[in-house]
Structure formats: structure tokens, C-alpha cells
Amino acid sequence: MAKDEFQSRQFKVVGTRVPRPDGVDKVTGRARYGADITAPGMLTGLCLRSPHAHARIRSIDTSAAEAMKGVKAVVTRADFDVTPESSGNRDVLDNVMAGDKALYDGHTVAAVAATSRSVARAALKAIKVDYEVLPHVTDVDEAMKPDAPVLHEGRQQESVPEGYSQNVLARSQYGHGDVDKGFEEADIVIERHFTTAATHQGYIEPHACLATMGGDGKADLWCCTQGHYHVRDTCAELLGMDTGQLKVTSSEIGGGFGGKTTVFLEPVALMLSRKSGKPVKMTMSREEVLRASGPTASTSVSIKIGARKDGRITAGWGDFRYQNGAFEAMNGALGAMCGFAPYDLENVRTTGWEVVTNRPKAAAYRAPGAPMAAFAVESVVDELAGELGMDPIDFRLMNAADEGTKAAYGPTYPAIGLKSVLEAAKDHPHWNTPLEGENRGRGFAVGFWFNFGGNTSVSLMINGDGTVSLSEGNPDIGGSRASMSMMAAEELGIPYEHVRCVIADTASLGQNDITDGSRVTFAVGLATIKAARHAIDIMKARAARIWGIDEEAVEWVDGAAQPAGPNAGKFEPMTLKEIAALASKTGGPIAGHFEVNAEGAGVSFGAHIADTEVDPETGAVKVLRYTVFQDAGKAVHPDYVEGQMQGGAVQGIGWALNEEYIYGEDGILQNPGYLDYRIPVASDLPMIDTKILEIPNPGHPYGVRGVGETGIVPPLATLANAVSRAAGVRMTSLPMSPPKLLAAIKAAKG
Amino acid sequence: MRFEAPTSPEDAASLLAATDNARVLAGGTDLLVRLRAGQVEPEMIVDIKRIAGIDAITSEDGGWRIGAGVSCAAMGEHDALGADYPGVVEGAELIGSTQVQGRCTMIGNLCNAGPAADSVPAMVAAGAIAHVVGPKGTREAPVFEIPVSPGKTSLAKGEFIASVYLPPRGARGGDAYLRFIPRTEMDIAAVGCAVNLSLADDGTVEKASVVLGAVGPKVIEAAEAAAALIGTTCDDTALAACAEAATAAATPIDDKRGTVEFRKDVTGVLARRAARIAYTRAKGETS
Amino acid sequence: MSRIHVTTTINGDETEYLCEPQDTLLDVLRDELDLTGSKEGCASGDCGACSVMLDGRLVCSCLVLGAEAEGRAVETIEGMASGEELHPLQQAFIDKAALQCGICTPGILVAAKDLLERNPDPTEEEVRYWLAGNLCRCTGYDKIIRAVLDTAADMRGAA
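Please read these numbers as outputs of a predicted model, since none were measured by experiment.

K.L.:
I'd like a rundown of the overall build of chain B, residues and numbers included.
P.N.:
Scanning chain B from terminus to terminus reveals 11 helices and 14 strands. Its C-alpha radius of gyration of 19 Å places chain B within 12% of the 19 Å reference for a compact globule of 287 residues. Put simply, of all contacts in chain B between residues at least 6 apart along the chain, 60% involve residues at least 24 apart. Treating the 27 positive side-chain charges of chain B as one cloud and the 36 negative ones as another, the clouds have centres 5 Å apart.

K.L.:
So what's going on with the overall build of chain C? Which residues, and what values?
P.N.:
Helix and strand content of chain C: 5 helices and 5 strands. Taken over C-alpha atoms, the radius of gyration comes to 16 Å for chain C, in line with the 15 Å a tight globule of 159 residues would show. Its C-alpha atoms put chain C at 50 × 30 × 25 Å along the principal axes. Per-residue burial for chain C yields a buried fraction of 65% across its 159 residues. Long-range contacts, defined here as pairs at least 24 residues apart, represent 54% of the contacts in chain C between residues at least 6 apart.

K.L.:
Any details on the environment of alanine 336 of chain A? Residues and values, ideally.
P.N.:
Residue and element names in this part refer to chain A. Note that alanine 336 resides in helix 10 (residues 331-338). Alanine 336 gets classed as buried once you look at its relative accessible area, which sits at 2%. Here the alpha-carbon distance between alanine 336 and glutamine 173, two residues 163 residues apart in the chain, equals 7.5 Å. With residues near it in sequence (within four places) discarded, alanine 336 still touches Tyr174, Phe320, Thr350, Thr351 and Gly352.

K.L.:
So what's going on with the pairing of strand 15 (residues 348-355) of chain A? Which residues, and what values?
P.N.:
All names here are of chain A. Counting buried positions along strand 15 yields 7 of 8 residues, so the element is predominantly enclosed. Where strand 7 (residues 168-176) lies against strand 15, 8 bridges are found, and the strand directions are antiparallel. Among the inter-strand pairings, arginine 171 is bridged to a residue of strand 15, identified as tryptophan 353. As paired elements, strand 14 (residues 313-323) and strand 15 share 8 bridges and run parallel to each other. In the sheet register, glycine 318 faces strand 15, and the bridge partner there is threonine 350. With respect to chirality, the unit in which strand 14 leads through helix 10 into the neighbouring parallel strand 15 is right-handed.

K.L.:
Report on the side chain of serine 251 of chain A, specifying residues and quantitative values.
P.N.:
Residues and elements named next belong to chain A. Tracing the backbone through its elements, the reader meets serine 251 in the loop between strand 11 (246-250) and helix 8 (266-276). Separated by 3.1 Å, the side chain of serine 251 and the backbone nitrogen of glycine 34 make a polar contact. In this structure serine 251 touches Arg32, Tyr33, Gly34, Ile37, Cys223 and Cys224, once residues within four positions along its chain are discounted.

K.L.:
So what's going on with the sheet that holds strand 10 (residues 160-166) of chain B? Which residues, and what values?
P.N.:
Hydrogen bonding along the main chain pairs the strands of a sheet, whether they run parallel or antiparallel. Residue and element names in this part refer to chain B. Here we have 5 strands laid out as an open sheet, ordered 4-5-10-6-7, and antiparallel in their pairing. Strands at the two margins of the open sheet, each flanked by one partner only, are strand 4 (57-60) and strand 7 (137-142). Neighbour-to-neighbour, the strand axes of this sheet turn through a mean angle of 25°, independent of strand direction. Judged from the 6 bridges that link them, strand 6 (residues 129-134) and strand 7 form a sheet pairing that is antiparallel. Of the residues in strand 7, the one forming a bridge with glycine 134 is glycine 137. Contacts from helix 1 (residues 9-18) reach strand 6 and strand 10, with the element oriented near 130° to strand 10.

K.L.:
Just give me the short version of the interface of chain A and chain B, but keep the residues and values in it.
P.N.:
Each partner contributes residues to the interface: chain A has 23 residues there, and chain B has 24 residues. Summed over both sides, the interface between chain A and chain B buries roughly 2100 Å², with carbon and sulfur atoms accounting for 48% of that surface. Connecting chain A to chain B are 9 salt bridges. Between lysine 256 of chain B and aspartate 676 of chain A there is a salt bridge; the shortest N-O distance is 3.7 Å. On inspection of chain A and its partner chain B, the count reaches 15 residue pairs in polar contact (both at pLDDT 80 or more). A per-class count over the side of chain A that touches chain B returns 9 nonpolar, 5 polar and 9 charged.

K.L.:
Run through the packing of helix 18 (residues 638-657) of chain A against helix 19 (residues 715-727) of chain A, naming residues and quoting values.
P.N.:
For any two helices packed against each other, one specifies the crossing angle of their axes together with the interaxial distance. Residue and element names in this part refer to chain A. Here helix 18 crosses helix 19 at 55°, and the two axes come no closer than 8 Å. By the angle class used here, helix 18 and helix 19 are oblique. In this structure, helix 18 crosses over helix 19, and the sense of that crossing is right-handed. Here Gly648, Ala649, Gly652, Ile653, Trp655, Ala656 and Leu657 of helix 18 come into contact with helix 19, specifically with Pro715, Leu716 and Leu719. Split by residue class, the contact of helix 18 with helix 19 holds 8 nonpolar, 2 polar and no charged.

K.L.:
Describe the nonpolar core, listing the residues and the values that go with them.
P.N.:
Side chains of a nonpolar character, in soluble globular proteins, are inclined to be buried together. One finds Leu221, Ile303 and Tyr413 of chain A together with Phe93 of chain C to be the most contacted residues of the largest nonpolar core, which totals 194 residues. At 12 residues, helix 11 (residues 370-388) of chain A tops the list of elements feeding residues into this core. Here phenylalanine 93 of chain C is in contact with Val27 of chain A together with Ala98, Leu99, Thr105, Ile108, Leu109, Ile144, Ala147 and Val148 of chain C, once residues within four sequence places are set aside. Within the second largest apolar cluster, 83 residues are counted, among which are Leu16, Ala92 and Cys104 of chain B together with Val52 of chain C.

K.L.:
Give me the lowdown on the environment of serine 44 of chain C, citing residues and values where you can.
P.N.:
The topology assignment puts serine 44 of chain C in the loop between helix 1 (25-32) and strand 3 (51-54). For serine 44 of chain C, a relative accessible area of 18% puts it in the buried group. Sequence spacing of serine 44 of chain C and cysteine 60 of chain C is 16 residues, and the spatial spacing of their C-alpha atoms is 8.7 Å. Not counting chain neighbours up to four residues away, the residues in contact with serine 44 of chain C comprise Val33 of chain B together with Cys62 and Leu63 of chain C. In this structure the side chain of serine 44 of chain C is engaged in a polar contact, spanning 2.7 Å, whose partner is the side chain of aspartate 46 of chain C.

K.L.:
Lay out the pairing of strand 14 of chain A with the relevant residues and their values.
P.N.:
All names here are of chain A. The buried fraction of strand 14 is high, at 10 of 11 residues. As paired strands, strand 13 (residues 298-307) and strand 14 are joined by 10 bridges and run antiparallel to one another. Across the sheet, residue threonine 299 finds its bridge partner in strand 14, namely tyrosine 322. Count of turn residues in the strand 13/strand 14 antiparallel hairpin: 5 residues, of which glycine 311 carries a positive phi of about 100°.

K.L.:
Could you give an account of the interface of chain A and chain C, with specific residues and numbers?
P.N.:
At the junction of the two partners, chain A supplies 53 residues and chain C supplies 46 residues. Both faces considered, chain A and chain C share a buried interface measuring about 4000 Å² in area, 56% of it formed by carbon and sulfur atoms. It is Val27, Ile204 and Met687 of chain A that lose the most area in chain A upon contact with chain C, and together they represent 18% of the buried surface on that side. In this structure, aspartate 34 of chain C engages arginine 32 of chain A in a salt bridge whose closest nitrogen and oxygen atoms are separated by 3.4 Å. Counting the contacts that link chain A with chain C gives 26 residue pairs in polar contact (both at pLDDT 80 or more). Of the residues forming the side of chain A that touches chain C, the biggest block, 9 residues, is contributed by helix 18 of chain A. Classifying every residue of the side of chain A that touches chain C by side-chain character gives 26 nonpolar, 16 polar and 11 charged.

K.L.:
Which residues make up the pattern of salt bridges, and what values go with them?
P.N.:
Considering all chains together, one arrives at 86 salt bridges over all chains under this definition. For aspartate 611 of chain A, the salt bridge is made with arginine 442 of chain A, and the minimal N-O distance between the two is 2.7 Å. Here aspartate 611 of chain A is found in strand 24 (residues 604-614), whereas its partner arginine 442 of chain A is found in strand 16 (residues 440-449), with 169 residues between them in sequence. Since its relative accessible area comes to 4%, aspartate 611 of chain A is described here as buried. Residue class for arginine 442 of chain A comes out buried when judged on its relative accessible area of 13%. When the shortest N-O distance is used, the salt bridge between arginine 128 of chain C and glutamate 124 of chain C registers 2.7 Å.

What counts and how
- Residues numbered from 1 in each chain as written.
- Chains lettered and ligands numbered in written order.
- Predicted model: local features only at pLDDT ≥ 70, side-chain atom pairs only at ≥ 80, totals over all residues.
- Heavy atoms only, no water.
- Helix = DSSP H or I, 4+ residues; strand = E, 2+ residues; numbered from the N terminus.
- Rg over C-alpha atoms; globule rule 2.2 N^0.38 Å.
- Contact = heavy atoms within 4.5 Å.
- Lys, Arg positive; Asp, Glu negative; His and termini not counted.
- Charge placed at Lys NZ, Arg CZ, Asp CG, Glu CD.
- Buried < 20%, exposed > 50% of the residue type's maximum accessible area, 1.4 Å probe, protein only.
- Pairing = 2+ DSSP bridges.
- Right-handed = clockwise from strand over helix to strand, strands pointing away.
- Polar contact = N/O pair within 3.5 Å; in protein donor to acceptor, adjacent residues only side chain to side chain.
- Axes fitted to C-alpha atoms, helices over the stretch in contact; angles between N-to-C directions.
- Buried area = accessible area lost by both parts, 1.4 Å probe.
- Salt bridge = Lys/Arg side-chain N within 4 Å of Asp/Glu carboxyl O.
- Nonpolar A, V, L, I, M, F, W, Y, C, P; charged D, E, K, R; others polar.
- Parallel < 35°, antiparallel > 145°, perpendicular 65-115°, else oblique.
- Left-handed = near helix turned anticlockwise from the far one by under 90°.
- Core = buried A, V, L, I, M, F, W, Y, C linked by side-chain atoms within 4.5 Å.

Given below as C-alpha cells:
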């Protein structure tokens, strides 16, 4: 696909703030989410979970549970008689149903399906598991030591040097230039060590699914997921089924943020349905979500940056040690790639480490790996600016990446919006209003995310009455039906209200990758535009046929076919509606479609400003004011772009201040509930002001860039910089919870 | 499991006495969470909210009687109660969200015997008396004596608390409750502190009570912290002495909600701040 | 296990159901009556997604037993609109993009409606504290708070 796809144009629909098509369903309670689906004769499925952080499973006795009245199926690992081809699906299987070892507190070891929840609960208690408890490790730095308890033998990649535990699965390195020479050229060098706690996406809707499998081996699955094609492909392999025999339909989804790019309950529900011959519904409790879905990595990061007195950075070095839970993931590599991405550096070197521990496997969480890296790098950048006596924005502008910069992670940037974002922040009233009052501090930081394209299929039908039915294959997690309808309407030249977008099941469209990487508005939008253009080509051909002229002599203007010029012939324009009405007489139904593995997603940068106030006697932090600046390429629906920026910022505020996975010495999660896993509540926050920048992405017809993830990258550092200034002590460990902050304040006072 | 909703206190007591593993249901904001989590599996749940008059706040001999079925929201809406005991009411009103407020009760909060119960320190500071109904009749007991240790009360089998009595406020009295939580709402207190004061004619503190929550296995009466305020106008020196004594009286643990050092420090801070508010209120000034 | 027969009023209609003693009102609404607009986000009263009105009080239906609803009046999100006509708050949430995934929306609407009926002119701080028990993870609350404040102003203007 051409990288210079973007063409400047005047938009009629794109950029407006139309009501979303699923709005009425969602404000009346009619919308059906994962747990809202039912089937006749449905059973309730529940999981038995390991109470140990690390244990060998000697045996499981399910006989008493199976004998109970109302129990229709019991499943253990022995029922999954497959050996997945890829290491990825091997890990998924080991995660959804433990094999010879339970690897974390909450790891599923068995499951039951019964006629009611109370019977199912009683059945779980009747299952006897003989565990041999093993030593465990939950901390990343501990897990890397050569004498740490080992989760998996023989999985270490060759990239890992000698001297590390087998828990260190991989090492990856990035950068260019000569950092030693760069540090020698520096007038000032700052090196710091940072830690961040694991956090959870915190979506309000727990994982849920309903599976039904007949004796003929055909199965249907309804679930809340960010990618039902992915669920289908994974489940089919784990159940030993042909992919085409499993149809997956995505329900409405109650938040995901990366946490529902996963498979947990679905293969278990299918297996329970296969064994019982009945539909099985499974829903996680909040405790199960926190113990056994996919939180983020916790991290330990070292950063060293050198600069000259004139403000030019001479070298950047970073070591990113990420704990990914019990299975392989690549968060450390992503951190190592993203940390220095905003800067134009001659000398940069980063290393990412992937470490397994006795915790649930880390899943994506909105720009996975990047916020912790930005926290570390942007904290040192902030400190350097302070030491050099430079304004934090000016210091970043002096070192900012731009078009043509060789990025720290390798590629050379096309047109990017970082400098525009920085300048917008510098000109904003927030930055230019002095922050007065005691114990107050302002923080600033920038953030980067790659964005993604990926496999996408869209179908667009022109109905007989001139309306349009649009099918896409990615769950609508925050307004994408609206933005797809807008792009279809824009391209076709018809009113927004004439388009209805639905989310198709896996049998109805070609492959669609998971809703991740901020890819949907970019890639599905691109495919929608191309599908509309395909339909337009057909409609132009139909008009040409009616008029008896060449197809090339017809053009599409404002929702109608018309002769391309005076030489093409003299005909009144035919509207989409008129062409649609004649479709059966001119060649049959009219539909456009488009399939692509989209490239050219276009990276995105953001910058945040926060004002905070610290209570020096208690360590409590109040966020007084917050502003987000972000490059959206082109904001298709500005309300929902702002919403992504605001939501990401607030998740980052939670991460910075109070959210954390707390494990006890016993390796058991201490806070598996919303009471003590403290996500921000409405009264914790001010309004979150937003400023959308639009630096067109050359790789999209309308210039769209993904916006979903970048918003969570800067806030950790923004808050750390603000709180450090307010408290008079540099905070290098997240969350900056009151006990930690108060201890730091006391230590600084001596 | 059985569900019963008796309409008289006697029926409630006999139901509770006749069953080995019965639980009283008032607001249910704690019991239902434990039920769902499988932490309790009672044979019987006795809903006391259908007992006549149990949802009443009544003036009695110059003080206030608050029934076991009174939601904390209803306490917050009772202007006269709030005027006499703003600290008791603010303790009750800090429990949970708006939704929880609509259900939770101060007496339920007391009977859970949670060390961090928000409504208990101010009740104890006020000298509140629990009216206990049991199979052998009724008895009165100081609220301070109800919780014994985390999750355990001094109530005998079959007994439940039908109401709590707050003694007459009297002239020149005031109370306050403050707690520390990491967020602005929805957390369990890491530290709680209630202060109840009565002033002499000259504006000095005549009687004082300082009661701490969440820094011991049950509420702590910090007598030395209270003594530091007696005879003073809650000036900075007195407040500093009160804070220091409160910190010394706290015996907290390290857990997911705070460290020992943090809790002891914040205990002093809250004692100082609460005493200042209580003093302002006792003087009849707005705070 | 013997089930309890309950007669109650839901969204103005007399309703009967059978429930187990430990079933919550939320279980009954969702599993017995198919009123799935009330959501289970935590089952511990911490998220507010199951908010309903019980005899005029805003409560979490996960913290009420089904058996307790005998003779009471329950109002859920399903009763908020009058036929096709949305409540002004519902319309405002659509118009002002005050929802993203929408899972918390029913609970927030029930809670916000109760607020505006008690206090037609709340401050931003009052709205934020009133809704502190309604977790939203998508929006950062900004557009929700604005929608409630704007609706309050509109309703005052219309009154």
C-alpha cells in the first residue's frame, strides 16, 4: 500500500460530533454484554483456582464432585488432549488450565458445570487437589538472580547472557551510536533507578462467555473480547477443532484496554459444554479478574542520560527489567523501544529483559510496556532540565525527534507530531498560568506509542432503499461503530444516519486482528473507506451501463454518479439511492468489500501537564489541574478522541498514585477487589482538559492515527515530576501512595 | 439456609438463639459481601429491618436513640442529630458510597467489629450506650465494650443491638471525626480519629475524649491525648501534645493499607486536626 | 433447597419471583427477570454498576437480598425512559459522549437521576462525590460530570 495515501480534503461528516448508533441501547440497559447472554438449558461453569503461588499438582480427584446431583461436567487438564503447535498457544493452554504445576495464586486447576451457581460452588469444594508447594518468586529483580525459584526449565533464549536465572527468558537490545563517547561529551550525567508496581486494566465488566457445542462437533461461543477471531483460532486449536466449525460472536464489551486481547474462560467453557452436551456460561468474579486475568508487568528500570550545558542530550542509556508473570511476553522489549522514542539522539542504547515470576501472565494494557519506560526516562529528563536551568518544554523541544530522525528503536520517522504537541503545550494557558500556593508542583512529560494496522476485512452493502449496511469485525469498545459509519458516509457522500454498522461474527467476514495497537479507527477505517470506494466503482459502472457510456466517463460527486465532463454525455446525476433502486435490473446486489493487512499506522505522541498539591503531613496527593495534548492525525469523532485521551490520562493517574498489585510473603495477592485495588473515583479528579493536534498520517486516506493508547504513556512521569516538585523530593517508585510519599518526605527532611 | 424477617425484637432474639450459625441482617453491606465471597455460610439470616420502630431516630431524655435499621444516609439527613453530634454523623457518613450509605447502618458497622470501622470512634468518644436485646431480656452496654477483637464482639448467642443511645450533648460541646484514606472516597480507613469535647464557661476544655480507629485490634481510647487538651483552649502547644500522645497510643500493624510508621504519624496529625475542629464546634463556631 | 416467594414492584409493575435465600436482588433482576441492564462489576458494593432505587433510596442491588424486596418498590435502568422518550440524562449521555464502553452507564444514570431529584443544582464537587461509588474506567469521568451538570442546568431551565 502506498505510504502517501493521505490526501487533503474538506470533510462533511468526519470531524463532527454525531450521536453514536449504539447510544440508546447503552443508556437504556438494552445492550447485551458478556454476562447478559443466555441459552435454554444453560449450565453455570466455575473454575477451581490454585491457593498457592507455585505448586506441583500431584493429583486431582474429581470423583466426589462428579457424583454430586446437578453436576454435569468436571474438566481438568487431562481433558485437553492436544499439543499446541506454537509456544504461544502452549502457554495459553497452560494458563487456562494448569498442567503439572500451578504457577500463580489463582491459576485454574479444574472447572465444573452445574445446574446452578450454588451447586457449582459446592462441587468446587468437593474437588481434591494434592499440591506439593514449591518456593515462589514474585519480584522481578529477585526472579533474575541465579538462585531464584525457577518456573520453567529450558525456555531461556540464546540472547540471555550467562549468570541469570532461567526465569530470564529473553533479552533484546536497541540503539545506535556510541553511548560511552556520548557520556564523555556530557557536562552533566544523571543516572537513576526506578520501580513500578503491576497494575490492572480495571475494566468494569468481568470476563464472561457462553459456549455451546453439539455432538456434531460444531460450536458457538459468545464472549466479551477485543478480538473474536483470535478467540476462535485459539479455542479451535485447544479443543482440537477445525476453525471453521467454531463460530464466535462478540458481545458488547465493557472495557478492555488490552486486558481482553486474551483467552481465559472460553476454552474451558467449550470443554465443559462438550462434556456436558449443554450450553455453559462462565463469568469471572472481580476477585478472579484481579487474581487470574492479565495485569501489567511490574518493572525495575535504570536510566542514564548525559547532556551538554547548552541543553543538547549527548547519550541515553536504559536497562528495562520487566516481570511478565508466569509466561513469556515482550513488555521489556517494548519498554526498551519506547523509552527514548521521543528524542533525536546520536548515541542511545537500551536493553529489555523478559522475566517470568509467580504472577498471572501480563497482558497488554494500553501501550504495553511504554508508560513505565516513559516514567523512568521522563523523570531523568525532567531532572536534567532542572539541573541545566532550562524550561522542561524547551529542553525537550531542543532534543525532540522530527521527520527524518532515526528513532532510538531503529526506523526513521516520517512526518510526526511531537514538536507540534510540545509547542501546543508551551502556548497553552495551563503552562502559562503560574502555579501558586505551598506544597504545589507542576509536572510535564511526553509519551510515544507505535500504533498498529493489521489484518482487516470490511463489507459494505448498498441496500435497495439507498441505505448502507456496514459490517466490521472488531468489537466496538468506545464508539468505533460511529466512526466507521462516519467514514463510510463521508466517502459515499450520504448522511451519517443512512449507515448502520454492525460487528460481524467470525463466519461473516474475513480475518480481523484483535482490537489492539490503537488499530481500529486507522485500519478498519481505511478498509471501510476502501470498501466504500469499491461500492462506488460498482455504482459508477451501473450508471455508465444505464447511460450507455464508458465506466471511465463517470465520476462520483456528493453521493451521486455523474458524467465526468461535457464530452462524457449529458445526463442528470444519479444518486446512490436511484442506482440502488435499479440494482437488480443492472447486474444484481451492490456491495463493496476490502481486505488488507494494513501498514502505515503512523506513530503518535502526546504531552501532559499536571498540577498537584501534596499534604506534607499525610502524603496525600490532590490533582488540581490536568491537560492532555495529543496528535490524532485526523480526529474522526472528536468527542471520542478526547474520551480516549481523558481515559488514558486517568488510568495513568491511578497507576502513578494508588494502584498496585500487592503480594504477601506467601505469594498470595492481598488486594483482589476494588476496595483495595484503588482505581480513581470521580471525586479524586479534576476535569481533564484536552487539546487535539492533527498532523495527518501519510499512511491513511484521511490522515488518521490511532489515539487509544498514547494517552496512558505520559501521566506516570507527569505525576512523578509534579509530585516530586510539590514534595521537594524526587519520587522514583510507583505508586506514590501516601505511606511511600510520606516516608520519602520524612527521609528528605532527615 | 433460611431467611427470616421477624417483626418484634423478641422474635428476632429467639430466632437467633435457636440457631447455631445465624447472622443478623441490617444494612447488609458487609454481610452480603462475605456471603458472596464464601467467607460466611450461615444457616439462617435474620433481617431485623421489619421490626417496628427499628428505623427511627428519636429524641430521648435530651439525647438521641438511633435504631439498628437506621441507614447512615438517614442519619446524615437528620439536621438536629447532626447539630448535636456532627462527629458521630460524619463518621457514619464516611462509610462507603452514596449507594452504600442508603443501606449501611452505624450499628452494623459496630457489630462487624472491624478495627477500621468509621462510625465507632466517634460513638465511643460520645460515650454511646448500646441497647442489647437477647433471649434473656435486654441490657445496656457501653459501645466501647462491644468490639473485642477483629470480627469478634462481646454479644452472647441470640443477642443483637436494637439501638444506640447518644447521651445529651449539653452546652458547649462538640465532636469531630477524621480518617485518612488514600483516595477521596471508597476506601477503608488507614487511620481514624474522633475527638469529643465539652468546654467550661471560660472556653477551656473541661472534658475530652480522643478515640482512635484502625490502629489497633479494636478502637483505642487515647486517654493521654485527651488529657493533653483538658484545661487548654486547644492552642498549638496543647494540640502538639495531644498529637504526640495519640501517636504514642496507636498500636497499628503493617498491611496493604499502610505501614506502622505511617499510621502512627498520621494518627497524630488527625488527632490534632480533629481536636481543632471539635473545639471550634464546641465554641459554637462554624467549621 | 426451598425457594422464597417474593412479591414486589419493579418499575411500577407488580412482580413475583422465586429466589434462594442467598440470592441478591441483582441475581434476581438479571437471572430470574432478565433485567440485565443492572451490571455486576464487583458484587461487593464497590463499583456501583448494579445501582437501583429501593423504596426511593439509591442502593447497590448486589448488597440487597432478593428476599428483602418483599413489598418494596424497585426502580432499575429499564424503567428510566418513558417508552421511546429518553430521560434528559440518558439523552445527554448520548449527545455529550459521556459513555465509551457503556458498562457503567446504567448505574451512573440511576445514581445521577436520584441526585438531580434531590438536588437540582449540584456543584461539580457534589456531583463527583455523589458518583464516587460509580466506577468508570473509560472516560476519566470528565464527560460524565459535564453531562450531569449540563442536564441539571437544562432541567432547571425547563422547570
